[in-house]
Every structure is written in structure tokens, then in C-alpha cells.
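Okay, here's what each chain looks like letter by letter:
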Amino acid sequence: MQREQTTHLNPRSPLVLDTRDLPRRPGAMRKVVRDVPAPESLGVEMIGVPVGATLDLDLRMESVSEGVLVSGTVTGPVEGECGRCLRTINDTVSVTVQELYAYPHSITDETTDEDEIGRVQGDLIDLEPAVRDAVVLALPTNPLCRDECPGLCPECGAHLDEVPADHSHQQVDARWAALAKLKTEE
């Protein structure tokens, strides 16, 4: 089964790895440690890695019989806002990446669909989809600035951790105001 290359990878792209100096014999290994700028849209609605922020890659490329196994960690800063109080969140995400990239004409290449696993294209590997999947899946969909964040007052929007304990918007019906006044005089 002959597969056509639908995209041409740019060898200068920071998340494209070159495998030319990795021998195609099982067991050969090469470390890849580099800092790369984060691509666009690396996050979810309320939190993500800022575009161009530095991602630290600490990876290992290993030759296996069917292709190249890339494994390691990707670490980078994340920015967003708390889902309860809307305060700014600045944190770090560190994710594990492990992805097999099949050699052209290998059994794995011939027995899997195009979108099931990555492919070695020429001597290049596009790491961006694996990094994107790992980072986005690690991010919370409803991030919190801290676990015990009380959020905002639904009436006035004040931060509940900044208002007094007796903070209230209870309105007394004017017809009962005289009785409320008697209760406070006791």
C-alpha cells in the first residue's frame, strides 16, 4: 500500500526533529534537549501556553524496528484565569510525551490509518501534534487559582475572600422594617 505525503515538513520548524544522525537499527538512541517557542492555540478556553513562550523539550529518540519512538517531557509556562474568581493564573505545565513515528513502507505504516500514528517523512518528524495533544489534555478545563477559592459574590461581583464574613445583600421588605429594628434593639 503506497501512501502519499500530504504535507512537506519544514526542517527549520522548532518542533520538527531531524532523524538523519539516528541510525535505523533498533536500539540506537539520541537525546534531544532544546528550548522552542510555543505554537499558536496551545491550550483550552481559559488557560494555555502563551504564543511564543519557551517550551523546554527533554526527549529521547530511539530507533525501533517499525520507526522512531520519541519519549520524554515537555515543560512550559501557562497563563489563564480562575474559573471562580477570574484572577490571573500563572503556572507551569510539565507533560510526558511518547509517540511512535512509523518508517515509510514499514508494517506499522501499512497497517494503520494516516491519523492513528505519526510518520517519518523523509528524515523528519513533526512533534507538534504530539506536544499539542499532551499539553492540551493536561490542562484543566475549569482552572482554579487555588483549591479553596470561594469565587465571586453573585450579587455584587466582589471577591468573597476580600469581603467581611457578614457580607450580605439581603433586602428587608419595608413592611417588616419596624420588626427588624425591634430585633436589633434586643
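Each remark here, short or long, concerns the structure printed above.
To keep things clear, this report deals only with the structure shown in the data block. Because the structure is predicted, anything quoted here is derived from the model rather than measured. (Residues numbered from 1 in each chain as written. Predicted model: local features only at pLDDT ≥ 70, side-chain atom pairs only at ≥ 80, totals over all residues. Heavy atoms only, no water.)

1. Some points on the nonpolar core
- Counting 36 residues, the largest nonpolar core has Leu17, Val49, Leu55, Val68, Val70, Leu127 and Val135 as its most contacted members.
- Broken down by secondary-structure element, the contributors of at least two residues to this core are β2 (29-37), β4 (47-49), β5 (54-64), β6 (67-81), β7 (88-102) and α2 (128-138).
- Considering every element that reaches this core, the biggest residue donor is β7, with five residues.
- Ignoring sequence-local partners within four residues, the contact set of Leu127 consists of Leu15, Leu17, Leu57, Leu59, Val70 and Tyr101. (Core = buried A, V, L, I, M, F, W, Y, C linked by side-chain atoms within 4.5 Å. Buried < 20%, exposed > 50% of the residue type's maximum accessible area, 1.4 Å probe, protein only. Helix = DSSP H or I, 4+ residues; strand = E, 2+ residues; numbered from the N terminus. Contact = heavy atoms within 4.5 Å.)

2. Some details on the side chain of Ser63
- When you line up the elements, Ser63 lands in strand β5.
- In this structure the side chain of Ser63 is engaged in a polar contact, spanning 2.5 Å, whose partner is the backbone oxygen of Pro23.
- Of note is the side chain of Ser63, whose polar atom sits 3.4 Å from the side chain of Tyr103.
- Filtering out sequence-adjacent residues up to four positions away, Ser63 remains in contact with Leu22, Pro23, Arg24, Arg25, Pro26, Gly27, Ala28 and Tyr103. (Polar contact = N/O pair within 3.5 Å; in protein donor to acceptor, adjacent residues only side chain to side chain.)

3. Concerning the pairing of β5
- Here β2 pairs with β5 via nine bridges, running antiparallel. Bridge assignment links Asp35 to a residue of β5, and that residue is Asp56.
- With nine bridges joining them, β5 and β6 adopt antiparallel strand pairing. Paired with Glu62 across the two strands is Leu69, which belongs to β6. (Pairing = 2+ DSSP bridges.)

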